[in-house]
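Notes for the structure review
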Amino acid sequence: MIGLISATAAGAVARDRLAAAWPGRTRVYEGPVREAVVRAFGECEQLVCFLATGAVVRLVAPLLEGKTSDPGVVCVDEGSRFAVSLLGGHEGGANVLAGEVGDVLGCTPVVTTATDARDIPGLDTLGWPVEGAVAAVTRAVLDGAPVAVRADAVWPLPPLPVVVDGDADVVLRVSDRVGELGSQEAVLRPPSLVVGVGASKGAPVEEVLGLVEETLAEAGLSALSVAALVTVDAKADEAGIVGAAARLGVPLRTYAADVLARIDVPNPSGAPLAAVGTPSVAEAAALAGGGELLVPKRKSSRPDGLPAMATCAVVRRVPRGRLAVVGLGPGARDLLTPRAKEELRRASVLVGLDQYVDQIRDLLRPGTTVLESGLGAEEERARTAVAEARKGHAVALIGSGDAGVYAMASPALAEASDDIDVVGVPGVTAALAAAAILGAPLGHDHVSISLSDLHTPWEVIERRVRAAAEADIVVTFYNPRSRGRDWQLPKALGILAEHRSATTPVGVVRNASRVDESSRLTTLGTLDPTTVDMMTVVVVGNTAAREIAGRMVTPRGYRWQAGAAK
């Protein structure tokens, strides 16, 4: 919950705008400001104070306990010019909140955190627990000093600007193992461990939790790297298991008994088979998602000598790389989506066509590995991106428009198997950008057809054009004409002309949304194909499409058009 506090009428107006924009996410605190701040500080995860920063500093100073527990605090000035991240920039989420407040109120977010100012991912912003000399490692990164990264495995992390393979005084470890850390060493705890748990009915949470913690400690493993507790479906509501997961702060996941029964384990037993239908719970559940069995089944010990009520086993899962297939839009920076920018910034490896890389190179974080190539290497880029993701990296594979429309998503997903995570990031297509320039030509059913026969036989393309013509569907032609392919567009237009009049409107847009954008509205009978090239999108209307006030419009239904004619 976000607490909102104001002291003046102007502040209350801005406060109420924020509350209206985020219903259910905010709570307005009325009354004397000091009392309101005290109550909100104790009850909310974040605060937005429509007060001077100095006033807020004095109000919250007596309430501070620690950076990991204090709420994030953002200050908005009287004129709603600035949203200042004052407290808890990373842990409290104030840096992100300042940006969100800025989006709603139209004010400028002010973030002074050093890593954000330098566009370097803070170790405490990666979503993983971090221990050790975090400040020392962060300072070295900010200063451009060499940092040695020692990782047990490759994980899909954002890039760091200065990383060395050899020795360095400053070390960042990525490990689930417990060990002695030097004065200039920090360790990130990846979510690498899965703990399988079995328990008798009524097993106390202390016994289950104690067994898990003792098992991890004896194996030299960090509890901070536990990603989940897992068990059989029949134990989904077992209080001791549910409570142990809650105390560890991890999710509890379950598997059906017949699924677990099919998994080979080193220590099957007749007891769980009789009780829940599988010869193994702890080991089988831990292994169900794959990985290496680090600790075979162990039983809890009870000081009273009674039979153990809990078992556990520990598996280290294999890291999964991440492939984001990102659509960059038609070229204009303001048509690049926020989600696409986010994926570009989190990628440690970028793969793309050289001219597309140049469009967004300034958005990449320092340390990003860029693998670029020229025209005609689509399949090679797809294979490269998938291979890098299989190594465990966070990879962004870029394409123009929407990556799933005549772009890189198709060849990449044809290469990818289920051993990596794949994320699709939609983009504004050339057809949509061109349509917005022309008016509303896609107001009814429409189809996009590429006239390039480099990968598709012309006979297939012609059959599709003819089907669209007979179905009276608006057609957007991609790749309409090149130096080596100059007859396909006239042929396609001729097929459409068999079913549509010569006065059918046709929109021609070149370099949609770019600085040298051009567009014109013509007709099916007068379009000169020689004025079209590969940078052009051609939109041919259906029989209902019209030119209205210099714009191309396809009505949503023929009934509307008939009414307008009357």
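Predicted, not measured: the structure shown is a model, and the values here were computed from it.

**Description of the overall build of the chain**
Scanning the chain from N- to C-terminus turns up 19 helices and 29 strands. Considered along the principal axes of its C-alpha atoms, the chain spans approximately 95 × 65 × 55 Å. Within the chain, the proportion of its 566 residues that are buried is 46%. Within the chain, contacts between residues at least 6 apart in sequence are counted, and of these 65% link residues at least 24 apart. Of the accessible surface of the chain, which amounts to about 26,500 Å², a share of 52% is contributed by carbon and sulfur atoms. For the chain, the centre of its 55 positive side-chain charges and the centre of its 66 negative side-chain charges are spaced 4 Å apart.

**Re the packing of helix α17 (residues 458-470) against helix α18 (residues 488-497)**
One can describe the packing of α17 onto α18 by two numbers: an axis separation of 9 Å at closest approach and a directional angle of 30°. Taken as axis vectors, α17 and α18 run roughly parallel relative to one another. Every pair of crossing elements has a handedness; the one defined by α17 and α18 is right-handed. Residue-level inspection shows W458, E462, V465, R466 and A469 of α17 in contact with α18, the latter providing Q488, K491, A492, I495 and L496. Of the residues in the contact of α17 with α18, the class split is 6 nonpolar, 1 polar and 3 charged.

**Concerning the layout of surface pockets**
Each pocket or cavity is described by its volume, and for the largest pocket that value is around 1,700 Å³. Considering the residues around the largest pocket, the lining is formed by 45 residues, among which Y356, E378, Y406, N479 and M534 are closest to the centre. Looking at the lining of the largest pocket, the elements with two or more residues in it are α13 (354-360), α14 (378-390), β20 (394-399), α15 (409-415), β23 (446-450), α17 and β27 (536-540). Looking at the lining of the largest pocket residue by residue, the class counts come to 20 nonpolar, 18 polar and 7 charged. Looking at the second largest pocket, its volume works out to about 1,400 Å³. If you go around the second largest pocket, you meet 38 residues; those closest to its centre are V96, T125, E342, R345 and R365. Listed by contribution, the elements that provide at least two residues to the lining of the second largest pocket are α4 (94-105), α5 (114-117) and α12 (338-346).

**What about the packing of aromatic side chains?**
For the structure shown, the criterion picks out 3 aromatic pairs. Ring centres of Y406 and Y478 lie 4.8 Å apart, and the angle between their planes is 55°; on these two criteria the pair is classed as tilted. You can see Y406 sitting in the loop between β20 and α15 and its partner Y478 sitting in strand β24 (residues 474-478), a full 72 residues away along the chain. With a relative accessible area of 10%, Y478 lands in the buried category.

**Considering the nonpolar core**
V195, V197, L216 and L229 are the most contacted members of the largest nonpolar core, which has 24 residues in total. Here the element with the most residues in this core is helix α7 (residues 205-218); it accounts for 6 residues. Setting aside chain neighbours within four positions, we find L229 in contact with V195, V197, I241, A244, A245, L248, V250, P251, L252 and R253. Judged by nonpolar contacts, the second largest core, of 21 residues, contains L451, A468, V475 and L493.

**A short note on the pattern of salt bridges**
A pair can form between side chains of opposite charge whenever their charged atoms are brought close. Enumeration over the complete set of coordinates arrives at 21 salt bridges. In this structure, the salt-bridge partner of E100 is R25, at a minimum N-O distance of 2.7 Å. Within this pair, whereas E100 is found in helix α4, its partner R25 is found in the loop between α1 (9-21) and β2 (26-28), the two being separated by 75 residues in sequence. You can call E100 partly exposed: its relative accessible area is 26%. One salt bridge connects R316 with D176, and the closest N-O pair in it is separated by 2.9 Å. Of the two residues, R316 is situated in strand β16 (residues 310-316) and D176 in the loop between β10 (170-174) and β11 (185-188); the sequence distance between them amounts to 140 residues.

Conventions used here
- Residues numbered from 1 in each chain as written.
- Predicted model: local features only at pLDDT ≥ 70, side-chain atom pairs only at ≥ 80, totals over all residues.
- Heavy atoms only, no water.
- Helix = DSSP H or I, 4+ residues; strand = E, 2+ residues; numbered from the N terminus.
- Buried < 20%, exposed > 50% of the residue type's maximum accessible area, 1.4 Å probe, protein only.
- Contact = heavy atoms within 4.5 Å.
- Areas by Shrake-Rupley, 256 points an atom, 1.4 Å probe, with all protein chains shown as cover.
- Lys, Arg positive; Asp, Glu negative; His and termini not counted.
- Charge placed at Lys NZ, Arg CZ, Asp CG, Glu CD.
- Axes fitted to C-alpha atoms, helices over the stretch in contact; angles between N-to-C directions.
- Parallel < 35°, antiparallel > 145°, perpendicular 65-115°, else oblique.
- Left-handed = near helix turned anticlockwise from the far one by under 90°.
- Nonpolar A, V, L, I, M, F, W, Y, C, P; charged D, E, K, R; others polar.
- 1 Å grid on protein atoms, 1.4 Å probe; cavity = no way out; pocket = protein on both sides within 12 Å on 5 of 7 lines; lining within 4 Å.
- Points joined across faces, edges and corners; volume = space filled by probe spheres on them.
- Phe/Tyr/Trp six-rings, centres within 6.5 Å; stacked < 30°, edge-to-face > 60°.
- Core = buried A, V, L, I, M, F, W, Y, C linked by side-chain atoms within 4.5 Å.
- Salt bridge = Lys/Arg side-chain N within 4 Å of Asp/Glu carboxyl O.

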